[in-house]
Structures are given as structure tokens and as C-alpha cells.
Amino acid sequence: MLMLGSPLRLNPRTNLDGVDQETSEILYLGSLAPNSHNSQPWKVTLHERSGIVDIQLDDARPLLASDPDRRESYITLGCYIQTLQEAFEAYGRNADVEVHADGSATLTFEKWRTGGIDTAKVSILKKRHTDKRIFSKEPIHCECLQGLGESTICYPESTEGYRAIADATLSAVAMQADDLAFREELAQWMRYSDDEVRETGDGITAEMLGLGRIMKVLYYLTTNRESAEGDAFARQGIETAENQVRNCGAFLAITGGDSPEELIDVGRETIRVWLACTRLNISVQPMSAALEVNETRAQLESELGRDLPVQMILRIGYVKDYGENMGVRRDLDEYIEIVG
Ligand SMILES: Cc1cc2nc3c(=O)[nH]c(=O)nc-3n(C[C@H](O)[C@H](O)[C@H](O)COP(=O)(O)O)c2cc1C
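One structure accompanies this document, and this report is about it.

**Examining the state of the cysteines**
Consideration 1: Evaluation of the coordinates by the stated rule reveals one disulfide.
Consideration 2: Bridging Cys-142 to Cys-154, the disulfide has an S-S length of 1.9 Å. On the sign convention where negative means left-handed, the S-S torsion of about -60 degrees between Cys-142 and Cys-154 marks this disulfide as left-handed. On the criterion of sequence distance, the pair formed by Cys-142 in the loop between helix H3 (119-127) and strand E5 (152-156) and Cys-154 in strand E5 is long-range, its members being twelve residues apart. Residues Cys-142 and Cys-154 agree in their burial class; the two are buried.
Consideration 3: No disulfide involves Cys-144; its sulfur sits 7.4 Å from the nearest other cysteine sulfur, which is in Cys-142.
Consideration 4: Since its relative accessible area comes to 30%, Cys-144 is described here as partly exposed.

Listed below in C-alpha cells is the structure:
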């Protein structure tokens, strides 16, 4: 029984025809970027000889119910772009990014190292992950998160802004629990066995839900796609969200405009902030519900009164054991095309 509950860590295939091992490893690190529902909606073309990576959204992996306008998809793309750039830099290879108005991007990288490998940075990129468990309520001193850009606002536990985000999140989670299309989409991205995780290399696994061995066994024994679309699962989601918003040290809100380029910027800032938290062993969970439901999004905008819309909400806090990234990602050759 306990063997069954062993945590599953994936080792996606990283070899790419005609691509050196280090570049493949860097592309793998890039794929560890956070992304909505672990849908990994990026499509990549590697121009090996010229040192160029073209990055765009993969239209075959949309989230039509939770993200009809592709707002979160562009944020996800920004997360991927920034993580990939940081991965090149961690390997001592400069990389420049140009984001285009249509929401695609070109990353130009140095083919050879001009600096040493920053092993600490590589470890941070591997360590970053989403933590859905409850966090300590010990307030986060926002000053410790040095280098936050102007677009990131910190609302420590027990401030008005924190309360506004918590309330809007819980209202939105309740509304989404009543929305069948949303439930079906979520159920489609949940995973129900280790075999399914190995097969797809995507989606949300028992480990990513924060379940220990015994709970993982019970969860996989009792849950399937049909039950995940049902009322009991939806009610459980509301309870989980209540525990999450009541147990953390602060919310971070990242603001930005609504164009694809501006949303990509939000994603890039999300990574800067998240890696800063990871360095400090501060756990992070994005909580997007309040921004996915029009009513709560508008309510939050008026209550927080920022100049630009809030595009990303991160629940942050201290935990005893930081945990690890289980590496649930697709094989590189599934989405990277190599050209010359
Ligand atoms: C734009 C965006 C929105 C997200 N929204 C949520 C969310 O509402 N709740 C949540 O638990 N995780 C959310 N996540 C985290 C993803 O589920 C997570 O990044 C993905 O499953 C991969 O897991 P990892 O971050 O541990 O590598 C979001 C991530 C992104 C980039």
C-alpha cells in the first residue's frame, strides 16, 4: 500500500536530435516554468545554428473555460520566457529576449559559455514549485523581498488589501464550483494515477496537490474524471481554498496591462518575484480564481484601487519543509522543433 503512495518524480526525455546536452538541459530548466493547470501551452522552434529560440502559444492546449481571453496563457508564456532566459544565464550564457506585439517572442542566446555555471541559480530554478499546502501565518516582512518591481504590491496578513483578496478569492471559488464548464476543464487537467502522469507528462498530480503517501493512495483510489466533475469534489475545492487563504503570510499582487506583450511582462515579473521567494524559502501558490471571474475581478480592482489591473495573485508564506518540484513536464521533443 505504502509503495503505491511513493512520490512520483518524472524525468522527461531531454535529448534533442543535433542539440548539445547543455542546451537541452537549459531547455529542460525552462520547461520547469509555472503555468496554468500544468498545461504547458508553449510551442518552441530552436534555430540551433543561429542560437535563436522562437516561442509562441500552442493553440492546441487552450483553457477555454478558465481563460477564454488567453490572459493567463500569455502570463504563462512570460513565465516560460523568463525562466528560459534565467536558465541560459545560470549556465553562463547571455540571452536577450524580444517580445512581439502578437504575443510571440524571440530569445537569442550565446552558443558558448562566457561565464561560469551559477550552480546556486540552477538549484533555485529546479527547486521552485507551486505549494498548495497551508503555510504559517507568520507575517511576511515585505522588505525582505528585495528587488520587487513597482508592479508588485505586497499585502501582509491582516491588512485591508489581504482581506479584499481573500474575500474575492473565496467568492470566485464558490462561483467556479457552480460552473460546469469550469469543473469539466479542471477535471480534464487533474491526474488520477501515476501511469496517467507518466503518459501525459502534464496536469495536476496528487503530489502537486500536497498529498502525502497515504492520502495519495486514497485519492487515486477514490477519484476519477467523473467524480472530479461532481458536487462533492467542488465542495472540497471550496474548503481547501478557505484553508489556503486563511493560512499564509501575505498576498502579492502583480499588476499590468491587458495586451499580450504586457501580460508576458507580468509573467516575467512573476518569475523574478517567485525566484526571490524561493531563495528565501518562502512558499508560493498563485491563486487566480478572483481574476478569472469577471465580478470578483471588478470588485478587487475597485477595492485595491491600483492604477493598472491586478493580473496575478500569489499566496506566500513560510513552511517547515519547502518540498520539491516533481518535474511533471512533457518530453522536450514533444513541443520543440529543431531547425538547422
Ligand atoms: C498564470 C498562472 C495561473 C495559475 N493559477 C493557479 C491557481 O489558481 N491555483 C493554483 O494552485 N496554482 C495556480 N498556478 C500554478 C500552476 O498550477 C503550476 O505552476 C503548475 O501546475 C506547474 O506546477 P509547478 O509550479 O509546481 O511547477 C498558476 C500558474 C500560472 C502561471
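**With respect to the pattern of salt bridges**
Consideration 1: A full pass over the atoms with the stated rule returns 24 salt bridges.
Consideration 2: Lys-121 is the salt-bridge partner of Glu-89, the closest N and O atoms lying 3.9 Å from each other. On the criterion of sequence distance, the pair formed by Glu-89 in helix H2 (residues 71-90) and Lys-121 in helix H3 is long-range, its members being 32 residues apart.
Consideration 3: With its nearest N and O atoms 3.0 Å apart, the salt bridge here joins Arg-272 to Glu-269. Of this pair, Arg-272 and Glu-269 are both found in helix H10 (residues 260-279), three residues apart, which corresponds to roughly one turn of the helix.
Consideration 4: Among the residues examined, Arg-272 registers a relative accessible area of 39% and is labelled partly exposed.
Consideration 5: We classify Glu-269 as buried; its relative accessible area is 8%.
Consideration 6: When salt bridges with common partners are traced through the structure, they connect Arg-61, Arg-191, Glu-196, Asp-202 and Arg-225 into a single cluster.

**Things to note about the packing of H2 against H10**
Consideration 1: Contact pair H2 / H10: the axes reach a minimum separation of 7 Å and the direction vectors enclose 50 degrees. When the interaxial angle is binned, H2 and H10 end up oblique. With respect to the hand of their crossing, H2 and H10 are arranged in right-handed fashion. Contact with H2, carried on its side by Arg-71, Tyr-74, Ile-75, Leu-77, Gly-78, Cys-79, Ile-81, Gln-82, Thr-83, Gln-85 and Glu-86, involves Pro-260, Leu-263, Ile-264, Val-266, Gly-267, Arg-268, Thr-270, Ile-271, Arg-272 and Leu-275 of H10 and no other residues of that element.
Consideration 2: Per-class residue counts for the contact of H2 with H10 are eleven nonpolar, six polar and four charged.

**Quick look at the environment of Leu-170**
Consideration 1: Tracing the chain through its elements places Leu-170 in helix H4 (residues 160-177).
Consideration 2: Residues Leu-170 and Trp-42, spaced 128 residues apart in sequence, show a C-alpha to C-alpha distance of 30 Å.
Consideration 3: Setting aside residues no more than four positions away along its own chain, Leu-170 makes contact with Ala-241, Glu-242, Val-245 and Arg-246.

**Re the pairing of strand E3 (residues 95-99)**
Consideration 1: In this structure, E3 lies alongside strand E4 (residues 105-109), joined through five bridges in antiparallel fashion. Counted as the bridge partner of Glu-98 is Thr-106 from E4.
Consideration 2: Once E3 ends, the chain turns through five residues before running back antiparallel as E4, passing Gly-103 with a positive phi of about 90 degrees.

**Details of the site of the ligand**
Consideration 1: By nearness alone, 20 residues border the ligand, and Arg-128, Thr-130, Lys-132, Ser-288 and Arg-329 come closest of all.
Consideration 2: Taking Thr-130, its side chain carries an N or O atom lying 2.6 Å from an oxygen atom of the ligand.
Consideration 3: Within the contact set of the ligand, a nitrogen atom lies 2.7 Å away from a side-chain nitrogen or oxygen of Ser-288.
Consideration 4: In isolation the ligand offers 620 Å² of accessible surface; the protein chains occlude 91% of this area.
Consideration 5: When residues of the shell around the ligand are traced back to their parent elements, those giving at least two are H2 and strand E7 (282-286).

**Focus on the side chain of Ser-104**
Consideration 1: Positionally, Ser-104 belongs in the loop between E3 and E4.
Consideration 2: Within the structure, Ser-104 has its side chain in polar contact with the side chain of Asp-102 (distance 2.7 Å).

**Some details on the packing of aromatic side chains**
Consideration 1: Applying the stated criterion across every chain yields a total of four aromatic pairs.
Consideration 2: Aromatic pair Phe-88 and Phe-109: ring centres 4.5 Å apart, planes at 15 degrees, arrangement stacked. Taken as a pair, Phe-88 in helix H2 and Phe-109 in strand E4 lie far apart in primary sequence, 21 residues in all.
Consideration 3: Classification of Phe-109 as buried rests on a relative accessible area of 6%.

Reading the values: the criteria
- Residues numbered from 1 in each chain as written.
- Predicted model: local features only at pLDDT ≥ 70, side-chain atom pairs only at ≥ 80, totals over all residues.
- Heavy atoms only, no water.
- Disulfide = S-S within 2.5 Å.
- Helix = DSSP H or I, 4+ residues; strand = E, 2+ residues; numbered from the N terminus.
- Buried < 20%, exposed > 50% of the residue type's maximum accessible area, 1.4 Å probe, protein only.
- Salt bridge = Lys/Arg side-chain N within 4 Å of Asp/Glu carboxyl O.
- Axes fitted to C-alpha atoms, helices over the stretch in contact; angles between N-to-C directions.
- Parallel < 35°, antiparallel > 145°, perpendicular 65-115°, else oblique.
- Left-handed = near helix turned anticlockwise from the far one by under 90°.
- Contact = heavy atoms within 4.5 Å.
- Nonpolar A, V, L, I, M, F, W, Y, C, P; charged D, E, K, R; others polar.
- Pairing = 2+ DSSP bridges.
- Near = heavy atom within 4 Å.
- Polar contact = N/O pair within 3.5 Å; in protein donor to acceptor, adjacent residues only side chain to side chain.
- Areas by Shrake-Rupley, 256 points an atom, 1.4 Å probe, with all protein chains shown as cover.
- Phe/Tyr/Trp six-rings, centres within 6.5 Å; stacked < 30°, edge-to-face > 60°.

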